[in-house]
Amino acid sequence: MAIKVYKGNIISSETFDKLRVIENGYIVVEDGFIKEVCQNLKDEYKDVELIDYGNKLIVPAFSDLHMHAPQYTQRGIGMDCLLFDWLNNYTFPQEANYKDPAYAKSVYARLVREFIRQGSFQLVLYTTIHYEACDILFRMLKEAGLYAYTGLVNMDMNSPDYYVDETKESLAKTEKFIVEHLEDDKVKPILTPRFAPTCSKELMLGLGELAKKYDVGVQTHLVESRAEAAWARQLYPEYDSDGLIYEACGLLQGSGPKVFAHVIFPEAQEERILSQYNGISVHCPDATSNVTAGIMPVAEMTKKGLKIALGSDVGGGHFLGIYRQVARATQISKMKEFYEEGQERIRLANALYMAWVNGGSIFDKIGKLEEGYRFNALVIDNMLDEEYYTNLEDALERFCYIGDERNIFARYLDGKFIDPDEVYERLLKI
Ligand code: GUN
Ligand code: FE
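The paragraphs below set out a description of the structure included in this document.

How each quantity is defined
- Residues numbered from 1 in each chain as written.
- Chains lettered and ligands numbered in written order.
- Predicted model: local features only at pLDDT ≥ 70, side-chain atom pairs only at ≥ 80, totals over all residues.
- Heavy atoms only, no water.
- Pairing = 2+ DSSP bridges.
- Helix = DSSP H or I, 4+ residues; strand = E, 2+ residues; numbered from the N terminus.
- Axes fitted to C-alpha atoms, helices over the stretch in contact; angles between N-to-C directions.
- Contact = heavy atoms within 4.5 Å.
- Near = heavy atom within 4 Å.
- Polar contact = N/O pair within 3.5 Å; in protein donor to acceptor, adjacent residues only side chain to side chain.
- Nonpolar A, V, L, I, M, F, W, Y, C, P; charged D, E, K, R; others polar.
- Phe/Tyr/Trp six-rings, centres within 6.5 Å; stacked < 30°, edge-to-face > 60°.
- Buried < 20%, exposed > 50% of the residue type's maximum accessible area, 1.4 Å probe, protein only.
- Core = buried A, V, L, I, M, F, W, Y, C linked by side-chain atoms within 4.5 Å.
- Donors = N, O, S within 2.8 Å, 3.2 Å for Na, K, Ca; no water.
- Tetrahedral: all angles 85-135°; square planar, octahedral: opposite > 155°, others 65-115°.
- Salt bridge = Lys/Arg side-chain N within 4 Å of Asp/Glu carboxyl O.
- Parallel < 35°, antiparallel > 145°, perpendicular 65-115°, else oblique.
- Left-handed = near helix turned anticlockwise from the far one by under 90°.
- Expected span 1.5 Å × (residues − 1).
- Lys, Arg positive; Asp, Glu negative; His and termini not counted.

Focus on the sheet that holds strand 11 (residues 218-222)
Phase 1 of the analysis: Spatially, 11-12-13-14 is the arrangement adopted by the four strands of the open sheet, whose pairing is parallel. Of all strands in the sheet, those with a lone pairing partner are strand 11 and strand 14 (307-310), marking the two edges. Each neighbouring strand pair of the sheet contributes to a mean axis angle of 30°, computed without reference to strand direction.
Phase 2 of the analysis: Set on the sheet, helix 12 (residues 348-360) makes contact with strand 13 (280-283) and strand 14; between it and strand 14 the angle comes to about 100°.

Pasting the structure below:
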């Protein structure tokens, strides 16, 4: 691939607290990787093809580290429910539909197109208990060229009889899925026990063996709500915290990422486990508001050195764009500060760092617009209006709050222009 130069207003994270803004800057890209980001273009690049995005913003693409692919079709319904009613009345019946591969194909092709539209190029996805549907999603992600971890969902108890596996069957399917999908370098398998209340100890121990045998990581829901944490303890009385179940059953032994959604009520054991295993917690502000799970103590956890990324958690969350979760994380942190003594809010720059740098950290060279990183990037309308002057950081803030996919003017994945509709046409052939 030849060298190309992109010009525009470049914004990425400098530190957790600070954005780096380069007005009218240049990004030199070669073979999908950023060679240089600069204010003044060196003479040696003067004859190279230049794509000038004028006063638009160039920012890193987003990472969505917790999303349920099958729940794409249930966005924005059942939102009057709390977690368990939402699962039983809406989610389990909906997920059961994916036993039909034709249904899975139709939904997953639209979902993958929507990820591209919304600028989420790095993903960690739940699926369902169905092998074929899960395989379809894997192949579509691969065809689209996205970066992802995904796995077959494990649940063998406390689930409806129309949507549950026998323990051995669940383990056998999971192992087959791992074996058949281990070799891809961009889309990778990950263990996906739904959450402790739907997984027996025998199942957890079996998954622990798979973690070791295949060196894979794990994603799950951890201390998502008080009711969930209490139920997990009741089911696993030998462990006095949700996190210990995963550690004791061996699920954290693989070298793949350990991705924990929500982590709203972490106790000392969860904090130790997150640090010791380099776990990443995923804040999903829409979802935890919708099912009234609570508000993650983001500022407090960050001060303790724990790494937090963002997730849409669709369909617990109702909107796929991670930039909106950036806004929502900032918003609800103010509620936490307001209502809970000792808690602090976070700022926009913090939430963007979580979405870009922390989210990208479980992938290879992703999340920053800096030399050596992949050019996974979005070009965004500057959102400046004539009546009211805003600077470039304000423009990005405005995009996070009121923008949508129509404001994403261009998308680059591994240095290549990517068009969601063109990808969709290819997905329909899978
Ligand atoms: N806990 C167990 N399953 C789910 C799910 O599908 N969504 C959310 N938000 N929490 C869960
Ligand atoms: Fe979830």
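Focus on the site of ligand 1
Phase 1 of the analysis: For ligand 1, the full set of nearby residues is H68, Q71, L83, W86, L87, R194, F195, H221, E224, H262 and D313.
Phase 2 of the analysis: Here an oxygen atom of ligand 1 sits 2.9 Å away from a polar atom, N or O, in the side chain of Q71.
Phase 3 of the analysis: Between ligand 1 and R194, the relevant distance is 2.7 Å, taken from an oxygen atom to a side-chain nitrogen or oxygen of the residue.
Phase 4 of the analysis: A total of three residues in the shell around ligand 1 trace back to one element, the largest contributor, which is helix 1 (residues 83-96).
Phase 5 of the analysis: Among the residues forming the shell around ligand 1, the class breakdown is four nonpolar, four polar and three charged.

Focus on the packing of aromatic side chains
Phase 1 of the analysis: The tally for this structure, following the rule as stated, stands at 21 aromatic pairs.
Phase 2 of the analysis: Seen in terms of ring centroids, F319 and Y323 are 6.0 Å apart; in terms of plane orientation they differ by 80°. Their pairing is edge-to-face.
Phase 3 of the analysis: F319 sits in the partly exposed class, given a relative accessible area of 21%.
Phase 4 of the analysis: For Y323, a relative accessible area of 0% puts it in the buried group.
Phase 5 of the analysis: With 4.4 Å between their ring centres and 35° between their planes, Y323 and F399 make a pair best called tilted.

Concerning the nonpolar core
Phase 1 of the analysis: In terms of nonpolar packing, the biggest core is built from 132 residues, with Y108 and L146 touching the most fellow members.
Phase 2 of the analysis: For L146, the contacting residues outside a window of four places in its chain are V112, F115, I116, S120, F121, L123, L141, K186, V187 and L413.
Phase 3 of the analysis: Counting 16 residues, the second-largest nonpolar core is a separate cluster that includes Y6, I22, Y373 and F375.

A closer look at the coordination of the iron ion (ligand 2)
Phase 1 of the analysis: The protein atoms that coordinate the iron ion (ligand 2) are H66 (NE2), H68 (NE2), H221 (NE2) and D313 (OD), at distances spanning 2.0 to 2.3 Å.
Phase 2 of the analysis: Considering all four donor atoms around the iron ion (ligand 2), angles at the metal cover 88 to 178° and the coordination shape is irregular.
Phase 3 of the analysis: Along the chain, the residues that donate to the iron ion (ligand 2) are spaced as H-x1-H-x152-H-x91-D.
Phase 4 of the analysis: Given a relative accessible area of 3%, H68 falls into the buried group.

Notes on the pattern of salt bridges
Phase 1 of the analysis: Scanning the entire structure with this criterion turns up 29 salt bridges.
Phase 2 of the analysis: E344 is paired through a salt bridge with K303; the nearest N and O atoms lie 2.7 Å apart. Of this pair, E344 sits in the loop between helix 11 (322-339) and helix 12 while K303 sits in helix 10 (residues 298-303); the two residues are 41 residues apart in sequence, bridging distant segments of the chain.
Phase 3 of the analysis: For E340, the salt bridge is made with K336, and the minimal N-O distance between the two is 3.0 Å.

With respect to the packing of helix 3 (residues 131-144) against helix 4 (residues 167-181)
Phase 1 of the analysis: Their axes nearest at 11 Å, the elements helix 3 and helix 4 cross at an angle of 25°. With respect to their mutual orientation, helix 3 and helix 4 come out roughly parallel. Every pair of crossing elements has a handedness; the one defined by helix 3 and helix 4 is right-handed. On helix 4, the residues that touch Y131, C134, D135 and F138 of helix 3 are K173, K176, F177, E180 and H181.
Phase 2 of the analysis: For the contact of helix 3 with helix 4, the residue count by class is four nonpolar, one polar and four charged.

Digging into unusual backbone geometry
Phase 1 of the analysis: In the segment running from V314 into G315, the intervening peptide bond is cis, with an omega of 0°.
Phase 2 of the analysis: Checked against the element boundaries, G315 lands in the loop between strand 14 and helix 11.
Phase 3 of the analysis: Of note in this structure, V263 is not a glycine but carries a positive phi near 40°.

Overview of helix 11
Each α-helix turn comprises 3.6 residues. Residues three or four places apart therefore point the same way.
Phase 1 of the analysis: Between its first and last C-alpha atoms helix 11 spans 25 Å; for 18 residues at 1.5 Å apiece the expected length is 26 Å, and the two agree.
Phase 2 of the analysis: By the burial criterion, the buried members of helix 11 are I322, Y323, R324, Q325, V326, A327, A329, T330, I332, S333 and K336.

What about the sheet that holds strand 4 (residues 49-60)?
Phase 1 of the analysis: If you walk across this open sheet you meet the seven strands as 3-2-1-4-15-16-17, and the pairing is mixed. Taken across any chain shown, the strands that pair with only one partner, and hence form the sheet edges, are strand 3 (33-38) and strand 17 (416-417).
Phase 2 of the analysis: In this sheet, strand 2 (residues 19-30) lies alongside strand 1 (residues 4-13) in antiparallel orientation, the contact comprising nine bridges. In the strand pairing of strand 2, Y6 is matched with I27.
Phase 3 of the analysis: Against the sheet, helix 13 (residues 392-402) makes contact with strand 1, strand 2, strand 4, strand 15 (377-380) and strand 16 (408-413), and its axis sits at roughly 80° relative to strand 2, the strand it touches most.

Some thoughts on the side chain of R324
Phase 1 of the analysis: Tracing the backbone shows R324 in helix 11.
Phase 2 of the analysis: For the buried residue R324, which engages in no salt bridge, the nearest side chain bearing the opposite charge is D404, 5.7 Å off.
Phase 3 of the analysis: Polar side-chain contacts of R324 include one of 2.9 Å to the backbone oxygen of G403.
Phase 4 of the analysis: Residues in contact with R324, not counting those within four places in the same chain, are F319, F399, C400, Y401, I402 and G403.

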